[in-house]
Each structure stands twice: as C-alpha cells, then as structure tokens.
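Coordinates in review
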Amino acid sequence: MASCLALPRKGHLEALFHIYAYLKKKPNGVIVLDPTYPDIDLRSFNDGADWRNFYGDVKEELPPNMPKPRGKPLVTRLYVDSDHAGDKLVRRSRTGYIIKL
C-alpha cells in the first residue's frame, strides 16, 4: 500500500479494507523481529587480505576538533527485505528496511 500513496485510486482503498478485515479476524497476529545477535562465521571473510594494492595507504579522516566519545557504544541493527519486479502492474522492484538503534 505504501507504493500507492502518491496517487491512490478506488481499488487501493478496497485493498486497504481487505487488509483491515484480515487484521480484524487475526487480532493476535504479530511481527517478530529476533533481538538476538546473529552467529556470523568470521572465517568466511577475507580478514587477512592486504587491500593496500587496491585502496593505497589510506586512513580514516577524523576531524581534528572531534570530541571524545561519551556514554555507551551504540548498537545498530538493520533489517532489509526486497523483491525483484514484485509490482505486478509496472514490474518495479521494491525494497523495505527497518533501522533500530
């Protein structure tokens, strides 16, 4: 429905009514986002690679007047989902994401 916000039509309103009717019949439905950290095998990354041939001898640029970090480190999580040509009318691809801090 979000892809139809710019120019909604009567069919979009009917589709929205169908969504609400489904949600009314399934009041206990939930979306579950797993709060645990994924178990990533770091051996699958090329950790010992020497990238200086590709990037040169570069360092991260930090502002000289940057303040020291304060407080706890921030954990960022990003959930992404996409489909290729999922819009049946114009065959456009869609991508959605949620960023949790």
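For the structure, check the block above.
Quantities reported herein were computed from a predicted structural model and do not represent experimental measurements.

Here we come to the overall build of the protein chain. Counting its regular elements, the protein chain contains 2 helices and 2 strands. When the helices and strands of the protein chain are placed in sequence order, the string is α-α-β-β. Computed over the C-alpha atoms, the radius of gyration of the protein chain is 22 Å, more than 25% above the 13 Å expected from 2.2 N^0.38 for a compact globule of 101 residues. The principal-axis extents of the C-alpha atoms in the protein chain amount to approximately 60 × 35 × 35 Å. For the protein chain, the share of sequence-separated contacts (at least 6 apart) that also reach a separation of at least 24 residues comes to 31%. Summed over its atoms, the accessible surface of the protein chain is roughly 10,800 Å², and 59% of this surface lies on carbon and sulfur atoms. Where the 17 positive side-chain charges of the protein chain centre and where its 12 negative ones centre are 12 Å apart.

Let's shift gears to the pattern of salt bridges. Inspection of the entire model under this criterion finds 2 salt bridges. With a shortest N-O distance of 2.9 Å, Asp 50 and Arg 52 are connected by a salt bridge. A relative accessible area of 53% places Arg 52 in the exposed class. The salt bridge partner of Asp 83 is Arg 94, with a shortest N-O separation of 4.0 Å. Of this pair, Asp 83 sits in strand S1 (residues 77-83) while Arg 94 sits in strand S2 (residues 94-100), and the two are 11 residues apart along the sequence. Take Asp 83: its relative accessible area is 31%, and that puts it in the partly exposed class. Residue class for Arg 94 comes out partly exposed when judged on its relative accessible area of 37%.

Moving on, we get to unusual backbone geometry. Backbone geometry at Arg 91 places phi at a positive 60°, although glycine is not the residue there. With respect to the secondary-structure elements, Arg 91 resides in the loop between S1 and S2.

If you trace the backbone, Lys 59 turns up in the loop between helix H2 (52-55) and S1. A relative accessible area of 73% places Lys 59 in the exposed class. For the pair Lys 59 and Tyr 37, spaced 22 residues apart in the sequence, the C-alpha separation amounts to 29 Å.

Under the criterion given, the structure shown has 3 aromatic pairs. Where Trp 51 meets Tyr 55, the ring centres are 6.3 Å apart and the plane angle is 50°; that geometry is what we call tilted. Residue Tyr 55 is classed as exposed on the basis of its relative accessible area, which comes to 53%. On the basis of an interplanar angle of 85° and a centroid distance of 4.8 Å, the ring pair of Phe 54 and Tyr 55 is categorised as edge-to-face. A single burial state applies to Phe 54 and to Tyr 55, both of which are exposed. Chaining the aromatic ring pairs together yields one cluster made of Trp 51, Phe 54 and Tyr 55.

So, how was this worked out
Residues numbered from 1 in each chain as written. Predicted model: local features only at pLDDT ≥ 70, side-chain atom pairs only at ≥ 80, totals over all residues. Heavy atoms only, no water. Helix = DSSP H or I, 4+ residues; strand = E, 2+ residues; numbered from the N terminus. Rg over C-alpha atoms; globule rule 2.2 N^0.38 Å. Contact = heavy atoms within 4.5 Å. Areas by Shrake-Rupley, 256 points an atom, 1.4 Å probe, with all protein chains shown as cover. Lys, Arg positive; Asp, Glu negative; His and termini not counted. Charge placed at Lys NZ, Arg CZ, Asp CG, Glu CD. Salt bridge = Lys/Arg side-chain N within 4 Å of Asp/Glu carboxyl O. Buried < 20%, exposed > 50% of the residue type's maximum accessible area, 1.4 Å probe, protein only. Phe/Tyr/Trp six-rings, centres within 6.5 Å; stacked < 30°, edge-to-face > 60°.

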